[in-house]
Amino acid sequence: MPPNASAHLPEHRIPVGISSCLLGEEVRYDAGHKRDPYITGTLAEYFEFRPVCPEMAIGLGVPREPIHLVREKGQPVRVVGTRHPERDVTDDLHTYGRRMARELEDIHGYILKRASPSCGMERVKVYTPEGQPAGKDGHGAYAEALMEARPELPVEEEGRLGDPTLRENFIERVFVHHRWRTLEAEGLTPGKLVDFHSSHKLLVMAHGNGPYRELGRMVAAAGQGDLAATAREYFATLMAALRRPADRKGHANVLYHLMGYLKEPLDPGDKAELLEVVESYRQGYVPLVVPLTLFNHHFRRHPHPYVAGQVYLQPHPAELMLRNRP
C-alpha cells in the first residue's frame, strides 16, 4: 500500500448495532439463538457490537409465542401473535425502533436478523388473518422504524452478508460513516469538508459518475452558504450513493483514472502490463486485488500525494480480504 493508505482506518473497533441472537444470546421465541460465526469471529475483531433484541425489550419474554406479519385487505401490515392475534405489538416495536435510533447515536452500522417480523430488513413473510401466506414483501417493524429514523445508517442482514458484493458494500459504508462522524466531532470547516471529499473521490467514482459530480458541486459551494446544511446534504447524498454496490465497470473506471497518475514515470512495457491486468479485471478474469496490488507496487516506486491520500486504496482492513473475491 502507498504510505498513507492505512491512515483512514480507525485504531479502535467501530460501534455497530446488532440483533442479539446473532451473537449467540438465547433470546428467540424458542429460547434459542442464531449465532453467526462470521460475525462473532471475523467482524468482531473490527466492530464493537451493541446487541439489541426488540422483542425482549418490549416485554415478550423467553420462551414466547411467535409473532408474524399480518395484512388485512386495505389495511397496513401489523405484527401480531401467531396463536393470539389480538396481541398486537406493532406500535411497541415502532416506538422502540425510534427510541434506539436516538439512544444508539454513536453506532456506525447495524446488522439485523433476516426474515424476522421485528428485525427483518426486507422480504419478510406476510400472512392473511387466517394464517395463509400473502407474500414476502414485509419489513420488520423495529427495523422499519430504525431505518426511517436513521436513513444514513448502513444497515444489512446477516444472510445478505454471505454475498461477497453486499458484504464489502456494507463494511465499506460502515467505515465511511465512522470517518464522517469523526470529522463532525472534531469540528467541521469548509476546508475539512473539501479534504474529506478529496480523499473519497475515487471511492465515490467507483459507485457512479453521477454521485461523483453531484457531490463535487456541493463541495465547491461549501464556503458560500450554511455549512451545516451543506454538510447534512452532502452526507445524506454520499451515503445514499454508496448503497449502490460498486461493480466491475465502476472499479475499472477508477483503475483507468489511476493509470493517468503513472503516465509519465512508467516505461511502455510497464504501461502495457498494467493495461492488460486492468482489462483482465474488467472482463472478470481476476479479482480486484490483482490490479490493485500492481498499482500499489508502482505507486510505492513513484509516489503521488493525491493518490496516497485516497481512501479507495484501502477503504477497510486488508485482512478482511473483501477485494479478493472472484
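All residue numbers refer to position in the chain's written sequence, counted from 1. Note on the predicted model: pLDDT of at least 70 is required for a residue's local features to be given, and 80 or more for side-chain atom pairs to be given and counted; whole-chain, interface and lining totals, by contrast, use all residues. Water and hydrogen atoms play no part in the side-chain values, which are based on all heavy atoms of the structure.

**Structural notes on the sheet that holds strand β6 (residues 126-127)**
Piece 1. With respect to topology, three strands assemble into an open sheet ordered β4-β3-β6, the strand pairing being mixed. Every interior strand has two partners, whereas the edge strands, β4 (78-81) and β6, have only one. For two strands to be treated as a pair, DSSP must find no fewer than two bridges joining them. Put simply, DSSP marks the helices as runs of H or I at least four residues long and the strands as runs of E at least two long, and each gets a number from the N terminus on.

**Here's the deal with the nonpolar core**
Piece 1. Nonpolar cores are built from buried Ala, Val, Leu, Ile, Met, Phe, Trp, Tyr and Cys residues. Side-chain atoms within 4.5 Å join them into one set. The cut-offs for exposure are 20% and 50% of the maximum accessible area for each residue type, with area from a 1.4 Å probe on protein chains only; residues under the lower value are buried, those over the upper are exposed, and the others partly exposed. Core analysis: the biggest nonpolar cluster contains 41 residues, and W180, Y234, L238, L255, L258, F295 and Y312 have the highest contact counts within it.
Piece 2. Apart from residues lying up to four places away in sequence, L238 is in contact with V176, F196, V204 and L215.
Piece 3. Membership of the second largest hydrophobic core comes to 24 residues, among which are L60, L69, V79 and A141. Should any heavy atoms of two residues lie within 4.5 Å, those residues are considered in contact.

**Some details on helix α3 (residues 90-103)**
Piece 1. What a helix should span is 1.5 Å times the count of its residues minus one. Here α3 contains 14 residues, and its C-alpha end-to-end distance of 20 Å stays within 8% of the 20 Å for a straight helix at 1.5 Å per residue.
Piece 2. What α3 keeps buried is the set T90, L93, H94, Y96, G97, M100 and A101. One side of α3 holds all its buried residues, which, seen down the axis, span an arc of 165°.
Piece 3. Against β2 (47-52), α2 (54-57), β3 (67-70), β4 and α4 (141-149) lie the buried residues of α3. Here, the arc refers to the directions that run from the helix axis to the C-beta atoms.

**Side note on the sheet that holds strand β7 (residues 155-157)**
Piece 1. Taking strand neighbours across the sheet as the criterion, the four strands line up as β2-β1-β5-β7 in an open arrangement whose pairing is parallel. Where the open sheet ends on each side, the last strands, each with one partner, are β2 and β7. Between one strand and the next, the sheet's axes are offset by a mean angle of 25°, whatever the strand orientation.
Piece 2. The pairing of strand β1 (residues 14-19) with strand β5 (residues 110-112) spans two bridges and is classified as parallel. In this analysis an axis means a line fitted to C-alpha atoms, helices contributing only their contacting stretch, and an angle means the value between N-to-C directions, from 0 to 180 degrees.

**Section: the side chain of E152**
Piece 1. As for its position among the elements, E152 is in the loop between α4 and β7.
Piece 2. At 3.0 Å, the side chain of E152 and the side chain of R150 are in polar contact.
Piece 3. Separated by 3.4 Å, the side chains of E152 and R181 make a polar contact.
Piece 4. Sequence-distant contacts of E152, defined by excluding residues within four places in its chain, comprise H177, R181, F235 and M239. Polar contacts, as used here, are pairs of N or O atoms within 3.5 Å; protein pairs need one atom able to donate a hydrogen and one able to accept it. Residues neighboring in sequence count only if both atoms are side-chain atoms.

**Considering the packing of aromatic side chains**
Piece 1. In this scheme Phe, Tyr and Trp rings, the latter by its six-membered ring, pair at centre separations within 6.5 Å, and the angle between planes marks the pair as stacked below 30 degrees, edge-to-face above 60, and tilted otherwise. Evaluation of the coordinates by the stated rule reveals ten aromatic pairs.
Piece 2. On the basis of an interplanar angle of 90° and a centroid distance of 6.2 Å, the ring pair of F47 and F49 is categorised as edge-to-face. One exposure class covers both F47 and F49, and it is buried.
Piece 3. Ring geometry for F196 versus Y234: centroids 6.3 Å apart, planes at 80°, classification edge-to-face. One end of the pair, F196, is in helix α6 (residues 190-206); the other, Y234, is in helix α8 (residues 227-242), and 38 residues separate them in sequence.
Piece 4. With a relative accessible area of 0%, Y234 lands in the buried category.
Piece 5. An aromatic cluster of at least three residues, connected via ring pairs, comprises W180, F196, Y234 and F235.
Piece 6. It is R323 that lies over the ring of Y312; its NZ or CZ is 4.5 Å from the centre. Only lysine NZ and arginine CZ atoms are considered, and such an atom sits over a ring when it is within 6 Å of the ring centre and within 35 degrees of the ring normal.

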